[in-house]
Amino acid sequence: MAEIVLGIGSSHGPTMNSAPEKWAALGEKDQLDTRFDFASLPRRPGIEQEVTIERFRERYDAVQRDVAELWGVIQEARPDVVVVLSNPHGGVTNDVMQPTFGIHLNDPAPMTSAPSRSPGQSERPAGAREAGAAAAATARPQRETRQFPTDGDLARHLMNGLIEEGIDVAANFQTTPGAGLDSAYSLLYERFDTEATIPYVPVLLSRYMPNQATPRRCYEFGQALRRVVERWASSKRVAIMASGGLSHQILDEELDREVIDALVEGNTDVLASLDRVRLNRSPGTPEILNWVATAAALEPTTMTLLDYVPCYRSLAGTGQGVTFGYWK
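The present account deals with the structure reproduced in this document. All figures in this text were calculated on a predicted structure; none of them were measured in a lab.

A count of helices and strands for the chain gives twelve helices and ten strands. Residue burial in the chain is summarised as follows: out of 328 residues, 58% are buried. Partitioning the contacts of the chain with sequence separation of at least 6, the portion at a separation of at least 24 is 86%. Carbon and sulfur atoms make up 49% of the accessible area of the chain, which amounts to about 13,600 Å² in all.

Set out below in structure tokens:
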């Protein structure tokens, strides 16, 4: 039978991919979001020291080291397939039905929209730390549609097995290349397995209200996922990956550290009872639910924290709690 050999947690998004010389512009863009009154937010003590170009570069460099270290952990575990738990971006629009839970069943593999760059290349060119002006002029990479390897047999097994477990899972099929999958799912190949040697199965957990599962339901989903994978009649080694989070676009260090402590300690009660109001204080923060489900799939193993890097990018306290961890 199949064996879950690894759990992985990694943030995704522009904070870890954009040159630090562009972080201030990202912060300005954050504050254009009309859903929030940023002026009313209490200013974090010492925030002025967090939004300097020197601190941006320090945080960026730490994130790149973390990416390399986590890729080493993945290589050491030698998974044959990775189940990626994440969410498409863009919300629930009038013309799109987005399920609470879903699995991409495409055979052949669905096409994912990802930045066009050479394997292992970040947006910041070599030497940018010493040549900030040149890095600031670097053009943002264009996006392209790429096809990554998948495991259709595991995808169908998960669909059938999760329904048998009492989890109502939508079947997602991609008819337009690039539709439904974005950088949330290409993260595995964009920053880690850049040669796309490991097949994946994209699994959707909605981060959007009103069709957002509770933290407890996400934990139950992860437990069911583990049971189903372990029933798969295959000798393959399986990894579970949480793509996204932690808090963003409003950075909530207190919440992030509460979640990280619970992941490291294996505190199910905390993970299953996270405050939904606080989770939804900012549109990206519910991606924490991907980590909750992954923790459940790996129990009783607890997470080893590689790093937590609070990456502020504006005086309003916007940014991302960039986090890396693993279960093995």
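Past the structure itself, the notes keep going.
With 13 residues, helix H6 (residues 152-164) should reach 18 Å at 1.5 Å per residue; the first-to-last C-alpha distance of 18 Å fits that figure. Inspection of H6 places Gly-152, Leu-154, Ala-155, His-157, Leu-158, Met-159, Gly-161 and Leu-162 among the buried residues, and these make up the whole buried set. Contacts from the buried residues of H6 go to strand S2 (81-86), strand S3 (101-104), strand S6 (170-172), strand S7 (200-205) and helix H8 (215-230). Of the residues flanking the end of H6, it is Gly-166, one or two places downstream, whose phi is positive at about 90°.

On to the nonpolar core. Core analysis: the largest hydrophobic core is formed by 54 residues, its most contacted members being Leu-85, Ile-103, Leu-158, Leu-162, Val-203, Phe-221 and Ile-240. With nine residues, the single largest contributor to this core is helix H12 (residues 288-298). Other than its neighbours up to four places away in sequence, Leu-158 contacts Val-83, Ile-103, Val-201, Val-203, Leu-225, Val-228 and Val-229. Of all hydrophobic cores here, the second largest spans 36 residues; its members include Val-82, Ile-198, Cys-311 and Tyr-326.

Pairing within the open sheet is mixed, and its eight strands lie in the order S6-S3-S7-S2-S8-S1-S10-S9. Either end of the sheet is taken by a strand with one partner, and the two such strands are S6 and strand S9 (304-312). Looking at each pair of strands side by side, their axes are set apart by 20° on average, direction ignored. When strand S1 (residues 3-10) meets strand S8 (residues 237-243), the two strands line up parallel, connected through seven bridges. Along S8, the bridge assignment pairs Ile-8 with Met-241. In this fold helix H4 (residues 53-77) packs onto S1, S8, S9 and strand S10 (319-327), with an angle of close to 155° to the strand it touches most, S9. Contacts between helix H9 (residues 253-265) and the sheet are confined to S9 and S10, with S9 contributing the most and set at about 175° to the helix.

Tallied over the full model, the rule gives six aromatic pairs. Pairing Phe-148 with Tyr-189 gives two aromatic rings, centres 4.3 Å apart and planes at 15°, and the pair type is stacked. Note that Phe-148 is positioned in the loop between strand S5 (143-147) and H6 and Tyr-189 in helix H7 (residues 183-192), a separation of 41 residues in sequence. For the pair formed by Phe-148 and Tyr-189, the shared burial category is buried. Three or more aromatic residues joined by ring pairs form one cluster here, namely Phe-148, Tyr-189 and Tyr-200.

Together, Glu-258, Asp-261, Glu-265 and Asp-275 make up a negatively charged patch on the protein surface. Looking at the element boundaries, Glu-265 is found in helix H9. Given a relative accessible area of 57%, Glu-265 falls into the exposed group.

A full pass over the atoms with the stated rule returns 17 salt bridges. Here Glu-48 makes a salt bridge to Arg-43, at a shortest N to O gap of 3.3 Å. A network of salt bridges, in which partner residues are shared, links Glu-50, Arg-55, Glu-58 and Arg-59.

Helix length check: H8, at 16 residues, gives a terminal C-alpha distance of 23 Å against a target of 22 Å (1.5 Å per residue), a fit within 8%. Listed in full, the buried residues belonging to H8 are Pro-215, Cys-218, Tyr-219, Phe-221, Gly-222, Ala-224, Leu-225, Arg-226, Val-228 and Val-229.

Looking at the secondary structure, you find Asp-66 in helix H4. Lacking a salt bridge, the buried Asp-66 has Arg-65 as its closest oppositely charged neighbour, with an N-O distance of 6.0 Å. The residues contacting Asp-66, other than those within four sequence positions of it, are Leu-306, Asp-307, Val-309 and Phe-324.

Criteria and cut-off values
Residues numbered from 1 in each chain as written. Predicted model: local features only at pLDDT ≥ 70, side-chain atom pairs only at ≥ 80, totals over all residues. Heavy atoms only, no water. Helix = DSSP H or I, 4+ residues; strand = E, 2+ residues; numbered from the N terminus. Buried < 20%, exposed > 50% of the residue type's maximum accessible area, 1.4 Å probe, protein only. Contact = heavy atoms within 4.5 Å. Areas by Shrake-Rupley, 256 points an atom, 1.4 Å probe, with all protein chains shown as cover. Expected span 1.5 Å × (residues − 1). Core = buried A, V, L, I, M, F, W, Y, C linked by side-chain atoms within 4.5 Å. Pairing = 2+ DSSP bridges. Axes fitted to C-alpha atoms, helices over the stretch in contact; angles between N-to-C directions. Phe/Tyr/Trp six-rings, centres within 6.5 Å; stacked < 30°, edge-to-face > 60°. Patch = residues over 30% accessible without salt bridge, like charges linked within 9 Å, V, L, I, M, F, W, Y side chains within 5 Å. Salt bridge = Lys/Arg side-chain N within 4 Å of Asp/Glu carboxyl O. Lys, Arg positive; Asp, Glu negative; His and termini not counted. Charge placed at Lys NZ, Arg CZ, Asp CG, Glu CD.

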